[in-house]
Amino acid sequence: MTATTAIAAETRDPSNLFYQSRTRRPIVARAEGIYFWDRDGRRYIDGSSGAMVANIGHGNPRVLAAMRQQMEETTFAYRLHFENEAAETLARRIAQRLPEGLDRVFFVSGGSEAVESCLKLARQHALATGQAGRYKVISRYPSYHGATLGALAVTGYTPMTAPFAPMMQEMPKIPAPTCYLDSDSLDWKARGLRYAEMLRAEIRRQGPETVLAFIMEPVGGASTGALVAPDSYYARIREICDEYGILLILDEVMSGVGRTGRFLAAEHWNLRPDIVALSKGFAAGYAPLGAMVADRRLVEPVLDAGGFIHGHTYAGNPLACAAGLAVLEEIESRDLMGNATRMGGLLKSGLAGLMARCPFIGDVRGLGLLLAFETVTDRQTMQPLPPALNAHSRLVEIAYEKGLIIYSRRTRGGLEGDHFMVCPPMIVDEAEIAEILRLLEESLVIFAAEAGLSTLP
Ligand code: PMP
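Residues numbered from 1 in each chain as written. Predicted model: local features only at pLDDT ≥ 70, side-chain atom pairs only at ≥ 80, totals over all residues.

**Details of the overall build of the protein chain**
Condition: Think of it this way: any DSSP run of H or I at least four residues long counts as a helix, any run of E at least two long counts as a strand, and we number them from the N terminus. In this description the radius of gyration comes from C-alpha coordinates, and the expected globular size is given by 2.2 Å times residues to the power 0.38. Field definition: a residue is buried when 20 or more other C-beta atoms are found within 10 Å of its C-beta, exposed when 12 or fewer are, and partly exposed for counts in between, with C-beta atoms placed from the backbone. Placing a C-beta atom from the backbone of each residue, one calls two residues in contact when those atoms lie within 7 Å.
Across its full length, the protein chain holds 14 helices and 14 strands. Over its C-alpha trace the protein chain gives a radius of gyration of 22 Å, about what one expects of a compact globule, namely 23 Å for 457 residues. With the principal axes as the frame, the protein chain shows a C-alpha extent of 65 × 60 × 45 Å. Evaluated residue by residue, the protein chain yields a buried proportion of 51% over its 457 residues. At a minimum sequence separation of 6, the contacts of the protein chain that also span at least 24 residues come to 73%.

**A short note on unusual backbone geometry**
With an omega dihedral of -5 degrees, the bond running from tyrosine 141 to proline 142 counts as a cis peptide bond. Along the polypeptide, proline 142 turns up in the loop between β5 (136-141) and α6 (149-153).

**Regarding helix α13 (residues 391-401)**
Inclusion rule: Regarding the arc, it is the one traced by the directions from the helix axis to the C-beta atoms.
Among the residues making up α13, those that are buried are Ala391, His392, Leu395, Val396 and Ala399. Axial view of α13: buried residues confined to an arc of 115 degrees, hence all on one face. Those residues of α13 that are buried lie in contact with β12 (370-375), β13 (407-410), β14 (418-422) and α14 (430-451). Following α13 by one or two positions, glycine 403 adopts a phi angle in the positive range, close to 90 degrees.

**Considering the sheet that holds strand β10 (residues 290-295)**
Just so we agree on the cut-off: When DSSP finds at least two bridges between two strands, those strands are taken to pair. Angles here are taken between N-to-C directions and fall from 0 to 180 degrees, while the axes themselves are lines fitted to C-alpha atoms, restricted in helices to the stretch in contact.
Pairing is mixed across the open sheet formed by seven strands, whose spatial order is β4-β10-β9-β8-β7-β5-β6. Looking at which strands have only one partner, the edges of the open sheet turn out to be β4 (102-108) and β6 (173-175). Mean inter-strand twist for the sheet, computed between neighbouring axes without regard to direction, equals 20 degrees. Taken together, the four bridges between strand β7 (residues 211-216) and strand β8 (residues 247-251) define a ladder with parallel strand orientation. Residue pairing across strands places methionine 216 opposite leucine 250, the latter belonging to β8.

**Brief notes about the domain arrangement of the protein chain**
Under the convention used in this document: Each domain span listed reflects an automatic or database assignment of domains. Charged residues are taken to be Asp, Glu, Lys and Arg, nonpolar residues to be Ala, Val, Leu, Ile, Met, Phe, Trp, Tyr, Cys and Pro, and polar residues to be all remaining types, Gly included.
In terms of domains, the protein chain is made up of domain 1 (3-59 + 335-451) and domain 2 (62-333). Here the C-alpha centroids of domain 1 and domain 2 sit 25 Å apart. Residue-level contacts link 30 residues of domain 1 with 33 residues of domain 2. The greatest single-element share of the side of domain 1 that touches domain 2, amounting to five residues, is contributed by helix α12 (residues 336-357). Per-class residue counts for the side of domain 1 that touches domain 2 are 16 nonpolar, nine polar and five charged.

Laid out in structure tokens, this is it:
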């Protein structure tokens, strides 16, 4: 044992560090491509890109070189004292990728900060344009928009919100379009419209003059497990927002910057947001970075009225922006969005193959490399597995033991159900997809045997 590992082992337990619980994880030693190695030399496939973050894989030479160069020039310059070229260039490059007019970029350090910024810009736009009565932000249940109190207020996930209810503004929620759980005779298109019309009903119930914005993830993240609505949903949502003068905020913290095969997931439906939140894959784990991108017609009145009352010390950090810029260059020059589409197709059909073998998989869904599957007791009724099986944590543990990292949550629609996100970095190749599927299949077979569930040969 080397001196460093001996010291680390001694000081680890009890540790000064804590996260959500007392569960401990191995200490990571190295990461490259889609792989991690821990200090004991065990290898793990990053089958969920962390929490859908490490979109271009680990140890990317272009990003490391760009960060090294930036560090030698300037690592920090406070935005009220200096601007920096990395932030300026990154903002221009993002604007070039987005629809005309959606070109005002505000940098932050993560997803929650990006969502907070969206909410506060929407409110300040209302104030600047004589609509002070608008303050309610409608969102969906389930949903996840961040851990800070504002982002949590629009989050639809009771286990995380309930303890803070007295500290948060109560915000209205409508059901997320979990059409795959519906058992009525409506076709897919009609189901999409039915969920979209729930927004209109909620706006009327709240009083349209009090409603500021609607926020949603175009492709669901951890809360709904890569939920994709019918095409009809997206167009109708935009129409309803326009009809009532309500801003459409898209949370693309997880779905944005190429993971679904398009720069914004919203492009799959030509859906134009008024404001969009980005993070996670934006600097792909190389640095803490997020952004709010807003339509200039919202930002200009706010600046005219005295300025945007918001900002964080690390905003526009040169090192984070240099990382973000190099990540974008890597995505563009290697056509990683094309790869996400191709490899996502392969992975999705592999997951469908596992579903054919495992009757307890009830749904496979998602776009590009934002993919998930859901476990059920019965495909006809779509009843979830009994909570006592603890599928969401047990299957993840089995896969982890095998050296495959996937991501899971227990939540969906009105019922509690387990879904599993399989979202490797966008650099993944065919052989790696095959390895992920093999390890996942072995894990599912072990889980099924433990849980008394049947699998087909
Ligand atoms: N929005 C979405 C859709 C997310 O998935 C997350 C993170 N899981 C957030 C917001 C919050 O981002 P962060 O954890 O970086 O604050």
